[in-house]
Amino acid sequence: MISIKKLHKKYGKLEVLKSIDLNFEDSGIHTILGPNGSGKTTLMKAILGMVIPNDGSIEFNNKPILGEWEYRKDIAYLPQIAHFPQNLKVQELLNMLKDIRPGAVREAELISLFQIKPFLNKKLGNLSGGTAQKVNIIIALMFDSPLILMDEPTVGLDPISLIRLKKLILDEKSKGKLILITTHIISFVEEVSDRIVFILDGNIYFNGTIDTLKKQTNQKNLENAIANILEKTNV
Amino acid sequence: MFKILKYSFYDLMRSRWSYLYFIFYLLLGLILLFLNRDVSKAVITLLNIILVLTPLIGTLFGIIYFYNSKEFTELLLAQPIKRSHIFWGQYFGISLSLSLSLVLGLGIPFLAYGIFQSTEIFNFMTLLLIGAMLTFIFVALAFNLALIFDDKIKGFGVAILTWLSFAVIYDGIFLVLLLVFNDYPLDRFALGATLFNPIDLSRILILLKLDISALLGYTGAVFQNFFGTNLGIILTFTLLNLWIIIPVLAIKVISKHKDF
Ligand SMILES: Nc1ncnc2c1ncn2[C@@H]1O[C@H](COP(=O)(O)OP(=O)(O)OP(=O)(O)O)[C@@H](O)[C@H]1O
Ligand SMILES: [Mg+2]
């Protein structure tokens, strides 16, 4: 579905992604890991065409995405930080987005799943962090898209909401969707992911299953395996 | 694009600043007509106000709206919409709603006064058209600057400076040049300089139209000598259109390369 070749991105002098080659063919859940500032968000935004690469190419269903926009109807995107127009009410924002992008088939279902009904008439600027994140999730997932990009979806969620989110993600996977997730929560990675992509210093440091990573680093659990990578590269 | 335009338009129409802007013109029109009782004099006073105010308001609203709707813009950028359509939609939404405040605000008192029976109707209409065009020009310039400067304070500062240059500093520089170089023919230079100032172009266009040579000023007089009245009007009008088209296209070019 996505094919990334020699992707290079720098902001001014800061080289964030040096030469990324990545393919996401099948369905399934792929987690993108890496330390803060390693370029995970940048990679997702590049797939969306929000960030323009300096070099390399990204193809979506075998078509280059540069300058294109229609392919985004097949992508649901959950941004890392929920930036909302502060003065709009939740329902107003949902209505606007539905009007601009038709096909929000799951709005009602998600509103009841995350129990957002009492907040629909509240201003977005007055929501608690976790509630804002739930609205963020609803906005992303109400469109039924074959590709889902989630940038730190768990931030601010309480344990029950987290369980619901996990179930939701696994349900989407069982429908045959491709799901890319960035997160720093290792237990979450272990529970949901089929494959890990580890970005370090602008390159793909590891790309494979959790088991392979554990074997490669001679560690019994994922947390230690990742700590192992980070320590080695810091020396 | 039209959906975005619609939302930006309503968004602005609902804001109290738009009301204030509308009411300002409404009062201005009433007061001018009340004081002057002479439509043609009212039109001249109005001209001077419109030439300064529409660019200023266009600049301010353009830059503030752009920075304030950043969050919504980011949401839109992840949706299946062309980038240029997002920014053009917002741009036309703001420009149209500001122009509407101008046209309604001044139109209502002048209509009530019986402008349609007056010979001044065409001059009045030209004035409104020029005000609307200046609005479109300066909102577009503000959008370009907001796209270039991520830093709000910087963008705001440069935008105000741009307005100041066209509205005030330009005249000052010309005055100094005329004083210093009064032995040299500055005609060609004046012609060239006028092309780069939409406010001066607007002023010349409307004064040519009103046929008031006394108010044309140096650049205007040169313009009239060079091209005559009719060609002068056509030329200034064409140039003003270019002043809209080029910045509007620039919005597309600049936004295309930007990271969000
Ligand atoms: N628009 C931008 N302009 C300049 N620098 C940027 C921009 N966006 C990101 N960066 C820089 O690029 C680097 C990578 O940022 P990015 O957000 O992709 O990291 P990340 O892996 O998502 O980090 P985190 O785990 O903290 O979310 C950071 O150093 C960041 O400061
Ligand atoms: Mg990030």
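Our structure is the block above this text.
Scope of this entry: the structure provided in the associated data block. This one's a predicted model, so the numbers in the text were calculated from it and none came from an experiment. (Residues numbered from 1 in each chain as written. Chains lettered and ligands numbered in written order. Predicted model: local features only at pLDDT ≥ 70, side-chain atom pairs only at ≥ 80, totals over all residues. Heavy atoms only, no water.)

### Considerations on the coordination of the magnesium ion (ligand 2)
Residue and element names in this part refer to chain A. Threshold: Only N, O and S atoms count as donors, using a 2.8 Å cut-off from the metal and 3.2 Å for Na, K and Ca, and because water is excluded some sites may appear unfinished. For the purposes of this entry, the term helix denotes a DSSP run of H or I that reaches at least four residues, the term strand denotes a run of E that reaches at least two, and both are numbered from the N terminus. Each residue is assigned to one of three classes by its accessible area relative to the maximum for its type, calculated with a 1.4 Å probe on protein chains only: buried under 20%, partly exposed between the two thresholds, exposed over 50%.
Looking at the magnesium ion (ligand 2), one finds its protein donor set to be Thr41 (OG1) and Gln80 (OE1), positioned 1.9 to 2.2 Å from the metal centre. In this pair, Thr41 sits in helix 1 (residues 40-48) while Gln80 sits in the loop between strand 6 (75-78) and helix 2 (90-100), placing the two residues 39 residues apart along the sequence. The class for Thr41 is partly exposed, based on a relative accessible area of 22%. On the basis of relative accessibility, which here comes to 29%, the residue Gln80 falls in the partly exposed class.

### A look at the nonpolar core
Worth spelling out the cut-off: Side-chain atoms within 4.5 Å are what join buried Ala, Val, Leu, Ile, Met, Phe, Trp, Tyr and Cys residues into a set we call a nonpolar core. Two residues form a contact once any of their heavy atoms are found within 4.5 Å.
Core analysis: the biggest nonpolar cluster contains 150 residues, and A:Ile2 and A:Leu180 have the highest contact counts within it. Broken down by element, the residue count for this core peaks at 18 residues, all from helix 6 (residues 121-148) of chain B. For A:Ile2, the residues in contact, after removing those within four places along its chain, are A:Leu22, A:Asn23, A:Phe24, A:Ile47, A:Ile58, A:Glu59, A:Phe60, A:Leu147, A:Leu178 and A:Leu180.

### Thoughts on the pattern of salt bridges
All names here are of chain A. Counted only if it meets this: The term salt bridge refers to a pairing of a side-chain nitrogen on Lys or Arg with a carboxyl oxygen on Asp or Glu at a separation within 4 Å.
Overall, the coordinates contain 16 salt bridges over all chains when judged by the stated rule. Ionic pairing is found between Lys166 and Glu191, a salt bridge with its closest N-O pair at 3.0 Å. Of this pair, Lys166 sits in helix 5 (residues 159-174) while Glu191 sits in helix 6 (residues 186-192), placing them 25 residues apart in sequence. Glu191 gets classed as partly exposed once you look at its relative accessible area, which sits at 48%. With a closest N to O distance of 3.3 Å, Lys167 and Asp171 form a salt bridge. Here Asp171 and Lys167 lie together in helix 5, a separation of 4 residues that amounts to about one turn. Members of the salt-bridge network, linked through shared partners, are Arg106, Glu109, Asp144, Glu172, Lys175 and Lys177.

### Re the interface of chain B and chain A
Rule in force here: The term buried area refers to how much accessible surface (probe radius 1.4 Å) is lost by two components on association, counted for both of them together.
At the interface, 21 residues of chain B touch 26 residues of chain A. Here chain B meets chain A over a buried area of about 2200 Å², counting both sides, of which 63% is carbon and sulfur. Our count for the chain B to chain A interface comes out at 3 salt bridges. The shortest N-O distance in the salt bridge between B:Lys3 and A:Asp99 comes to 3.6 Å. Broken down by secondary-structure element, the contributors of at least two residues to the side of chain B that touches chain A are helix 1 (2-14) and helix 4 (70-77) of chain B. Examining the composition of the side of chain B that touches chain A, we find that 6 residues originate from one element, helix 4 of chain B, more than from any other.

### Points about the pairing of strand 6 of chain A
Residue and element names in this part refer to chain A. For the record, the criterion: Strand pairing follows a simple DSSP-based rule, namely that at least 2 bridges must link the two strands.
Across the two faces of strand 6 the burial is the same, with Ile75 and Tyr77 and Ala76 and Leu78 all buried. Summarising the sheet, strand 6 and strand 7 (residues 147-151) pair through 4 bridges and their orientation is parallel. Residue pairing for strand 7: Ile75 is matched across the bridge by Leu147.

### Considering the sheet that holds strand 3 (residues 28-33) of chain A
Residues and elements named next belong to chain A. For clarity, the threshold we go by: Axes here refer to lines fitted to C-alpha atoms; in helices the fit is confined to the stretch in contact. Angles between the N-to-C directions go from 0 to 180 degrees.
Strand order in the open sheet made by the 6 strands is 6-7-8-3-9-10, with mixed pairing throughout. Strands with a single pairing partner mark the edges of an open sheet, and in this sheet they are strand 6 and strand 10 (203-208). Taking the axes of each pair of neighbouring strands and ignoring which way they run, one obtains an average angle of 15° across the sheet. Pairing of strand 7 with strand 8 (residues 178-182) involves 5 bridges; the strand directions are parallel. Its bridge partner being in strand 8, Leu149 is matched across the sheet by Leu180. Its contacts with the sheet put helix 1 on strand 3, strand 6, strand 7, strand 8 and strand 9 (195-200), and the angle it makes with strand 7 is roughly 150°.

### Here's the deal with the layout of surface pockets
Put simply, the test is: In this analysis the probe radius is 1.4 Å and the grid spacing 1 Å, with only protein atoms considered; a cavity is a set of points the probe fits into but cannot get out of, a pocket is an open set with protein on both sides within 12 Å along at least five of seven lines, and lining residues have an atom within 4 Å of a point. Grid points are joined across faces, edges and corners, and a volume is the space filled by probe spheres set on the points. When residues are grouped by polarity, Ala, Val, Leu, Ile, Met, Phe, Trp, Tyr, Cys and Pro land in nonpolar, Asp, Glu, Lys and Arg in charged, and all others, Gly among them, in polar.
In this model, the largest pocket occupies a volume close to 960 Å³. Along its surface, the largest pocket is lined by 27 residues, and A:Asn87, B:Asp11, B:Ser15, B:Tyr65 and B:Asn68 are the ones closest to its centre. Elements that contribute at least two residues to the lining of the largest pocket include exactly helix 2 of chain A together with helix 1, helix 2 (16-36), helix 3 (39-68) and helix 4 of chain B. The dominant element in the lining of the largest pocket, judged by the number of residues it contributes, is helix 1 of chain B, at 7 residues. Here the lining of the largest pocket is built from residues that sort into 14 nonpolar, 7 polar and 6 charged.

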